[in-house]
Amino acid sequence: MKFNSDEIASVIQKEIETFESQMDVREVGTVLEVGDGIARVYGLSGVMAGEMVQFPSGVIGLAFNLEENSVGVIILGDYLSISEGDEVKALGKLLSVPVGEGVIGRVLDPLGNPLDGLGPVQSSEQRPVEIIATGVAERHPVHEPLQTGIKAVDAMTPIGRGQRELIIGDRKTGKTAVALDAILNQKATGVKCFYVAIGQKDSSVALVIEALKKHGAMDYTTVIVSGASSPAPVQYVAPYSGTAMAEYFMFKGEHALIVYDDLSKQAVAYRQLSLLMRRPPGREAYPGDVFYCHSRLLERSAKLSKAMGGGSLTSLPIIETLEGEVSAYIPTNVISITDGQIYLQPDLFFAGIRPAMNVGISVSRVGGAAQIKAMKKVAGGLRLDLASFRELEAFAQLGTELDPATQARLDRGYRMVELLKQPQYKPMSVYDQVLSIYAATRGFLDDVPVAGVRKWESEFLQFMKDRKAEVIKKLQDSNDLTSEIEQAIRASIDEFKRGYRPS
């Protein structure tokens with residue numbers, strides 16, 4: 001049997017060219033101790049801060065503390081599957097999550113794993129969980145309104161695309177309700193919504209998801225869940241993961257809205273990690289860099305310049321206060337980072353005024369720039385009127401005799417408060433809001449009994465839709481309250497009042 005040397009040579013040549021070294025060169029270390037969601041690892045001398053490491057069970061960790069003889073690792077998963085002496089390998093990359101259209105409508109954990117039983121996430125792209133926020137030159141001042149559909153918010157503390165508006169208040173005062181209504185109101189606007197649940201009860205999160213599904217909001221919303229039973233490292237990472245998913249749309253030139261519910265629980269998780277890692281505690285036992293933890297998160301919300309595509313990411317962080325203590329450490333930190341706050345007061349909530357917004361403390365630092373012209377004209381003095389009404393009300397409770405002008409202001413104030421009440425999951429279009437607030441501020445409700453204000457409002461808005469659609473159309477086209485449109489609205493209200501019969 002003859003061998004063809006050329007053939008053998010070509011086969012060997014091909015084998016050499018296609019030969020790949022199977023050697024896996026990685027830096028490895030050994031687990032010295034593990035527990036409570038953290039591990040101390042010896043031997044990873046070249047690992048970088050924030051780099052991913054992997055344990056034999058497949059669980060991922062993040063290098064958190066770089067010390068002289070060991071590395072403190074936070075474990076993003078089940079730390080009970082890790083034992084002392086296990087080998088740890090550095091992966092040489094940062095933590096990333098899947099992004100893109102594939103995550104919309106899904107319920108995910110902070111690592112991008114599905115929790116809704118709908119199969120794997122269909123996404124070809126990944127984004128790092130932590131990136132440096134866009135710089136000053138790449139931003140544009142906030143100028144487009146992001147309507148929440150809540151009269152009290154859109155009229156007095158307007159939110160613009162790219163703004164960060166804090167929702168703050170004691171537990172059970174309707175903070176999540178305000179954020180959910182804002183999500184529901186984005187239905188036809190093309191704004192992608194992200195709801196990040198941090199340290200919430202699983203039953204509460206299930207109710208939120210149910211409400212979003214019922215009102216058709218899950219079609220454009222992603223829910224990132226890190227429940228109360230999740231390890232502290234996963235709760236700490238959750239808001240950064242949600243932001244990475246939302247940023248994808250911002251950098252594509254689209255608009256996104258993200259709700260962090262709530263950041264006080266993330267701060268507690270971060271405090272737990274830091275204390276376990278033996279980082280020095282500061283005020284209220286929080287580590288010194290807890291401000292940086294929140295500022296580097298919230299600074300990623302922005303309105304980009306035209307050169308960058310003009311996209312925006314609006315954030316609604318939620319902070320829970322204890323006994324209304326707004327001057328505690330975490331609330332003051334987040335208030336100083338955000339562009340305004342909506343303060344929800346328990347007394348108002350239990351008095352049936354919902355949303356229970358305290359007009360005096362609530363503020364939007366963007367102001368009229370985030371309102372359409374019509375709303376700006378109608379609601380210009382509303383905040384001051386309501387604040388002075390609260391003072392008058394307190395004065396009137398002393399039982400003193402009031403002159404007719406003061407009594408008239410009080411009566412109008414009661415009707416205004418009644419008008420600003422709004423049931424949950426019933427966001428209103430901005431044009432309906434303009435019509436309602438116009439009627440109240442211009443005195444057309446002064447002869448309507450306080451108890452009948454909301455019935456009058458709903459029937460009036462229905463009358464406008466059925467009989468005066470052309471007035472609403474003009475308002476929508478111009479977004480302004482011109483003298484011609486104002487006359488048409490006045491005539492419409494007069495016509496409606498002539499035929500209105502309070503039951």
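Above this text is the structure in question.
These figures come from a predicted structure and were not determined experimentally.

Cut-off values and rules
- Residues numbered from 1 in each chain as written.
- Predicted model: local features only at pLDDT ≥ 70, side-chain atom pairs only at ≥ 80, totals over all residues.
- Heavy atoms only, no water.
- Helix = DSSP H or I, 4+ residues; strand = E, 2+ residues; numbered from the N terminus.
- Buried < 20%, exposed > 50% of the residue type's maximum accessible area, 1.4 Å probe, protein only.
- Lys, Arg positive; Asp, Glu negative; His and termini not counted.
- Charge placed at Lys NZ, Arg CZ, Asp CG, Glu CD.
- Pairing = 2+ DSSP bridges.
- Axes fitted to C-alpha atoms, helices over the stretch in contact; angles between N-to-C directions.
- Contact = heavy atoms within 4.5 Å.
- Expected span 1.5 Å × (residues − 1).
- Parallel < 35°, antiparallel > 145°, perpendicular 65-115°, else oblique.
- Left-handed = near helix turned anticlockwise from the far one by under 90°.
- Nonpolar A, V, L, I, M, F, W, Y, C, P; charged D, E, K, R; others polar.
- Core = buried A, V, L, I, M, F, W, Y, C linked by side-chain atoms within 4.5 Å.
- Salt bridge = Lys/Arg side-chain N within 4 Å of Asp/Glu carboxyl O.

Colleague: Got a minute to help me understand the overall build of the chain in this structure?
Modeller: For the chain, the helix and strand inventory stands at 16 helices and 16 strands. Projected onto its principal axes, the C-alpha coordinates of the chain cover approximately 115 × 60 × 40 Å. Looking at the chain as a whole, 52% of its 503 residues are labelled buried. Treating the 54 positive side-chain charges of the chain as one cloud and the 62 negative ones as another, the clouds have centres 7 Å apart.

Colleague: Hey, could you run me through unusual backbone geometry in this one?
Modeller: Glycine aside, residues mostly have negative phi, and peptide bonds are mostly found in the trans state. The omega torsion of the bond from aspartate 261 to aspartate 262 falls at -5°, within 30 degrees of zero and hence cis. Among the structural elements, aspartate 262 can be located in the loop between strand E13 (255-261) and helix H6 (263-276). Each neighbour pair has its own omega, and for arginine 354 with proline 355 the value is 0°, a cis peptide bond. Mapped onto the elements of the fold, proline 355 is located in the loop between helix H9 (346-350) and strand E16 (363-364). Non-glycine residue aspartate 36 carries a positive phi angle of around 55°. We classify aspartate 36 as partly exposed; its relative accessible area is 46%. A positive phi angle is found at asparagine 479, which is not glycine, with a value near 55°. Along the polypeptide, asparagine 479 turns up in the loop between helix H15 (469-478) and helix H16 (483-499). Under the relative-accessibility criterion, asparagine 479 is labelled partly exposed at 28%.

Colleague: Honestly, the sheet that holds strand E5 (residues 71-76) in this entry has me stumped. Any pointers?
Modeller: Either a parallel or an antiparallel arrangement is found when strands of a sheet pair, and the pairing is made through backbone hydrogen bonds. Strand order in this closed barrel of six strands is E1-E2-E5-E4-E3-E6, and the pairing throughout is antiparallel. Pairs of neighbouring strands in the sheet enclose a mean axial angle of 45°, with direction left out of account. Pairing geometry for strand E3 (residues 51-54) and strand E6 (residues 87-94), over three bridges, is antiparallel. Of the residues in E6, the one forming a bridge with glutamine 54 is lysine 89. Packing against the sheet, helix H5 (residues 232-251) makes contact with strand E4 (60-66) and E5, and its axis sits at approximately 80° to E5. The strands touched by H6 are strand E2 (38-42), E4 and E5; relative to E2, the strand with the most contacts, the crossing angle is about 35°.

Colleague: Mind showing me how you'd approach the pairing of strand E12 (residues 221-226) here?
Modeller: Residues in a regular strand project their side chains so that they alternate between the two faces of the sheet. Counting buried positions along E12 gives six out of six residues, so the element sits mostly inside the fold. Of the two faces of E12, the one carrying Thr221, Val223 and Val225 and the one carrying Thr222, Ile224 and Ser226 are both buried. Where strand E8 (residues 107-108) and E12 come together, two bridges link them in parallel fashion. Within the sheet, the bridge partner assigned to valine 107 lies in E12 and is valine 223. In this sheet, E12 lies alongside strand E11 (residues 192-198) in parallel orientation, the contact comprising six bridges.

Colleague: Whenever I open this one, the pairing of E2 confuses me. Can you help?
Modeller: With four of five residues buried, E2 is to be regarded as a mostly interior element. One ladder, built from five bridges, connects strand E1 (residues 28-35) with E2; its direction is antiparallel. Bridge pairing links valine 34 to alanine 39 in E2. Pairing of E2 with E5 involves four bridges; the strand directions are antiparallel. Residue pairing across strands places alanine 39 opposite valine 73, the latter belonging to E5.

Colleague: How do you make sense of the environment of valine 378 when you look at a structure like this?
Modeller: Within the secondary structure, valine 378 sits in helix H10 (residues 373-379). Between the alpha carbons of valine 378 and tyrosine 438 there is a distance of 5.7 Å; along the sequence they are 60 residues apart. When sequence neighbours within four positions are dropped, the list of residues in contact with valine 378 reads Val434, Ile437, Tyr438, Thr441, Arg442 and Leu481.

Colleague: Hey, could you run me through H6 in this one?
Modeller: Over its 14 residues, H6 runs 20 Å from end to end, which matches the ideal 20 Å to within 8%, given 1.5 Å per residue. Considered for burial, the residues of H6 that qualify are Leu263, Ser264, Gln266, Ala267, Ala269, Tyr270, Leu273 and Ser274. Among the residues trailing H6, arginine 278 stands out with phi positive, at a value near 65°.

Colleague: Can you help me understand the side chain of serine 241 in this one?
Modeller: By secondary structure assignment, the location of serine 241 is in helix H5. Excluding residues that lie within four positions of it along the chain, serine 241 makes contacts with Val97, Pro110 and Val129.

Colleague: It is not clear to me how the packing of helix H12 (residues 404-420) against helix H14 (residues 453-467) should be interpreted in this structure. Could you clarify?
Modeller: When two helices pack together, their arrangement is captured by the angle between the axes and the distance separating the axes. Interhelical geometry of H12 versus H14 gives an angle of 60° and a closest axis separation of 9 Å. Taken as axis vectors, H12 and H14 run oblique relative to one another. Handedness of the crossing formed by H12 with H14: right-handed. Here Arg415, Glu418 and Leu419 of H12 come into contact with H14, specifically with Val453, Arg454 and Glu457. A class-by-class count of the residues in the contact of H12 with H14 yields two nonpolar, no polar and four charged.

Colleague: Quick question: what am I supposed to make of the sheet that holds strand E10 (residues 166-169) here?
Modeller: One open sheet holds the eight strands; their spatial order is E8-E12-E11-E13-E14-E10-E15-E16, and the pairing between them is mixed. Both outer strands of the open sheet, E8 and E16, are each paired with one neighbouring strand and no more. On the sheet, H6 packs against E11, E13 and strand E14 (312-320) and is oriented at approximately 75° with respect to E14.

Colleague: Can you help me understand the nonpolar core in this one?
Modeller: Nonpolar side chains tend to gather and get buried jointly when the protein is soluble and globular. Residues Met156, Ile183, Leu212 and Trp456 are the most contacted members of the largest nonpolar core, which totals 81 residues. When near neighbours in sequence (up to four residues on either side) are disregarded, tryptophan 456 contacts Ala439, Leu445, Val448, Ile493, Phe496, Lys497 and Tyr500. Within the second largest apolar cluster, 56 residues are counted, among which are Val97, Ala244, Ile258 and Cys293.

Colleague: Sorry if this is basic, but what is going on with the pattern of salt bridges here?
Modeller: Working definition: two side chains of opposite charge can pair if their charged atoms are close together. One pass over the structure, following the stated rule, counts 29 salt bridges. Notably, a salt bridge pairs glutamate 144 with lysine 303, separated by 2.8 Å at the nearest N-O pair. Of this pair, glutamate 144 sits in the loop between strand E9 (125-128) and helix H2 (151-156) while lysine 303 sits in the loop between helix H7 (290-298) and E14, and the two are 159 residues apart along the sequence. A salt bridge links lysine 455 to glutamate 459, with the nearest nitrogen and oxygen atoms 2.7 Å apart.

Colleague: Sorry, what's going on with helix H8 (residues 329-337) here?
Modeller: Two residues of an α-helix separated by three or four positions point the same way, owing to the 3.6 residues in each turn. Of all nine residues making up H8, seven are buried, and the element is well covered by its neighbours. The complete set of buried residues in H8 reads Tyr329, Ile330, Pro331, Asn333, Val334, Ile335 and Ile337. Looking at the buried residues of H8, the elements they touch are E10, H6, H7, E14 and strand E15 (340-344).

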